[in-house]
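# Summary of structural features
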Amino acid sequence: MLDRFRHPLVAVVLTLLLTVPWVGLFFSYGGYGTVHPGENIAPGTAVLVAGLAILGASFLLAWAAETAEKDVPQAFAIAVLAVLAVAPEYAVDALYAWQAGAGSEQAGNLAVANMTGANRILIGLGWSGIALFTIFRARSGSDPAVEHRSGFLADVVGLDRGIATEITFLLAATAFAFFVPLSGGIGPVDTLFLVGLYVLYLFVIIRGGVEEHEENVGVPAYFQAKSKAVRVAAVLTGFAFSGAIIFTAVHPFAEGLETLGLQYGIPEFFMIQWLAPLASESPELIVVAYLVNKARSTAGFNALISSKLNQWTLLIGTLAVVYSISAGAVGTLPFDSKQAAEIWITAAQSLFAIAILTNFEISTREAVTLLVLFVSQVLAEFYVIRTVSEPAATELSMMILYAYTAVYLVLGFALFFKRRESLQELVGRTLSNARDAVGGGGGQTEHAD
């Protein structure tokens, strides 16, 4: 009798049940955009129901991506997973960009604030938190990616060197991002370069061929054992359903959190930059934690890096497109000097994080450093916002941003210099993969396990 409850389909059904309350709520109120916490539904209810739906959809998304690894390159499956997991972030930023194109001066600043907040959360909490969780979990289990070393906080999470392609493309996008504020906004040139960079990345990984994937267990193993038609149907259904749940549920979840935050006196702009992106990034973090818990740390970090890459390219690049459509002419999404500083600190944080991964590992010390720098900067700005009146608050906030930008840059360039041989290997592997892709894709590009 108990064996029946261990069947993989039971896990699928139980996970689907987590989404049922949200589906019922969604349709009972009339569809997308009709559930408004604090207006027609209690904020706590929205957070609970939408949160459970996001949790269930995140597992379905992870299972679909793992199942797909049998038929497509793993890096491509993870790239699709990453895009779907952060799709709500695109929707939020697109809304602000559309409002900016319609004439709202503040909306452009909100779009940039939300975008930079999401990107810094992904590294400051995502990369660091998952690394620390991986190392912590390895103490009570087995994870070949974790190496225990003597010394203070010296344990490391090792990454497969095949992940070089993702890291190198992220480095290129990061280098370009430093120049974005110089034109006073996000314009057509930024769109062409950043979107083109991501398309080139997809071309390289798709041409890489299907790798020998790990033996899966549970739900992915069940569907991988089926015929190709059944596998494809399961993957497409999983991607479509989980994507729809995440896309529709994240906004009410974030709005519920924002409403609760306002009740406790948290400034609205602060919530748009930090609380809303944290909600929209939650599916991605859940998926990665699931992979790490299965001792698939390298695949988990691949997903995090892929998410950062598509947010740092497609998300920025599409803002100008949405703005131009709304404005009725090709134009540049404008933002103020405060948001320029936000972009520079985000690019500097990204540079430091890439420098950490240049030797294909991240130590406990490095993860803690990423976490402490991120949290301390956010708390410092929050303190300024709460205790200092304008315009002094903005000036002081920008000083904090510039100071942390300098710290990130010094640490990043120091690591790049120290690991210059690893950097050469990183770029060399990527160029080799690109040549294979252009040359016909006969060889296998290397990707994470």
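Remember, it's a predicted structure, so these values are computed and weren't measured experimentally.

Scanning the chain from N- to C-terminus turns up 16 helices and five strands. Relative to the globule expectation of 22 Å for 449 residues, the C-alpha radius of gyration of the chain, 22 Å, shows essentially globular dimensions. The principal-axis extents of the C-alpha atoms in the chain amount to approximately 65 × 60 × 50 Å. Classification of the 449 residues of the chain by burial places 55% in the buried group. Summarising the internal contacts of the chain: among those between residues at least 6 apart in sequence, 83% fall at separations of at least 24. In the chain, 23 positive and 35 negative side-chain charges are present, and the distance between their average locations comes to 9 Å.

The next point concerns a nonpolar patch on the surface. Taken together, the side chains of Val13, Leu14, Leu17 and Val20 present a nonpolar region at the surface, about 360 Å² in accessible area. With relative accessibility at 46%, the residue Val20 sits in the partly exposed group.

Another aspect to go through is the packing of aromatic side chains. For the coordinates displayed, the defined rule picks out 10 aromatic pairs. A centroid spacing of 5.5 Å and a plane angle of 75° characterise the contact between Trp274 and Phe374, whose relative ring orientation is edge-to-face. One end of the pair, Trp274, is in helix H11 (residues 268-293); the other, Phe374, is in helix H14 (residues 364-387), with 100 residues separating them in the sequence. Taken as a pair, Trp274 and Phe374 share a single burial class, namely buried.

Let us now look at the packing of helix H6 (residues 105-138) against helix H12 (residues 297-327). Where H6 contacts H12, the two axes come as close as 11 Å, and the packing angle between them is 175°. The pairing of H6 with H12 is recorded here as roughly antiparallel in orientation. Across the interface between the two elements, Met115, Ala118, Asn119, Leu122, Ile123, Gly126, Trp127, Ile130, Ala131 and Thr134 of H6 pack against Ser297, Phe301, Leu304, Ile305, Ser307, Lys308, Gln311, Trp312, Leu315 and Ile316 of H12. Each residue belonging to the contact of H6 with H12 can be placed in one class, and the counts come to 13 nonpolar, six polar and one charged.

This part is about the environment of Thr369. If you trace the backbone, Thr369 turns up in helix H14. In the structure, Thr369 is positioned 224 residues away from Ala145 in sequence and 20 Å away in space, judged by C-alpha atoms.

Taken as a whole and judged by the stated rule, the model has seven salt bridges. With a shortest N-O distance of 2.7 Å, Glu342 and Lys338 are connected by a salt bridge. Placement of both Glu342 and Lys338 in helix H13 (residues 337-357) is noted, with a separation of four residues, approximately one turn of the helix. With respect to class, Glu342 is no different from Lys338; both count as buried. Across the pair Glu381 and Lys338 runs a salt bridge, and its minimum N-O distance is 3.4 Å. Taken together, the positions of Glu381 in helix H14 and Lys338 in helix H13 put the pair 43 residues apart, joining distant regions of the chain. The class for Glu381 is buried, based on a relative accessible area of 4%. When salt bridges that share partners are traced, they join Arg120, Lys338, Glu342 and Glu381 into one network.

Tracing the sequence through the fold places Ile400 in helix H15 (residues 392-418). You can call Ile400 buried: its relative accessible area is 14%. Beyond its immediate stretch of four places on either side in the chain, Ile400 contacts Gln377, Ala380, Glu381 and Val384.

The end-to-end C-alpha distance of helix H10 (residues 228-263) is 52 Å, a good match for the 52 Å that 36 residues give at a rise of 1.5 Å each. At Ala249, H10 is deflected by roughly 30°, the largest bend along its length, and proline Pro252 occurs up to four residues later in sequence. Positive phi appears at Gly265, one or two residues downstream of H10, with a value of about 85°.

Between its terminal C-alpha atoms H6 stretches 49 Å, which fits the 50 Å expected from 34 residues at 1.5 Å a residue. Within H6, the axis deviates most sharply at Ile121, by approximately 25°. Within H6, 27 of the 34 residues are buried, leaving the element largely enclosed by the surrounding structure.

Here the focus is the nonpolar core. Counting residues in hydrophobic clusters, the biggest one holds 131 residues, and the most contacted among them are Trp22, Ile186 and Ile362. If sequence neighbours within four positions are ignored, Trp22 has contacts with Val35, Val49, Ala50, Ala53, Ile245, Thr248, Ala249 and Pro252.

Cis peptide bonds are those with omega within 30 degrees of zero, and the linkage from Glu390 to Pro391 qualifies with 0°. Relative to the assigned elements, Pro391 resides in the loop between H14 and H15. Unlike most non-glycine residues, Leu153 shows phi in positive territory, near 50°. Mapped onto the secondary structure, Leu153 falls in the loop between strand E1 (146-147) and strand E2 (156-158).

Thresholds applied
- Residues numbered from 1 in each chain as written.
- Predicted model: local features only at pLDDT ≥ 70, side-chain atom pairs only at ≥ 80, totals over all residues.
- Heavy atoms only, no water.
- Helix = DSSP H or I, 4+ residues; strand = E, 2+ residues; numbered from the N terminus.
- Rg over C-alpha atoms; globule rule 2.2 N^0.38 Å.
- Buried < 20%, exposed > 50% of the residue type's maximum accessible area, 1.4 Å probe, protein only.
- Contact = heavy atoms within 4.5 Å.
- Lys, Arg positive; Asp, Glu negative; His and termini not counted.
- Charge placed at Lys NZ, Arg CZ, Asp CG, Glu CD.
- Patch = residues over 30% accessible without salt bridge, like charges linked within 9 Å, V, L, I, M, F, W, Y side chains within 5 Å.
- Areas by Shrake-Rupley, 256 points an atom, 1.4 Å probe, with all protein chains shown as cover.
- Salt bridge = Lys/Arg side-chain N within 4 Å of Asp/Glu carboxyl O.
- Phe/Tyr/Trp six-rings, centres within 6.5 Å; stacked < 30°, edge-to-face > 60°.
- Axes fitted to C-alpha atoms, helices over the stretch in contact; angles between N-to-C directions.
- Parallel < 35°, antiparallel > 145°, perpendicular 65-115°, else oblique.
- Nonpolar A, V, L, I, M, F, W, Y, C, P; charged D, E, K, R; others polar.
- Expected span 1.5 Å × (residues − 1).
- Bend = angle between axes of the 7 residues up to and from the residue.
- Core = buried A, V, L, I, M, F, W, Y, C linked by side-chain atoms within 4.5 Å.

These values are about where atoms sit, not about what they do.
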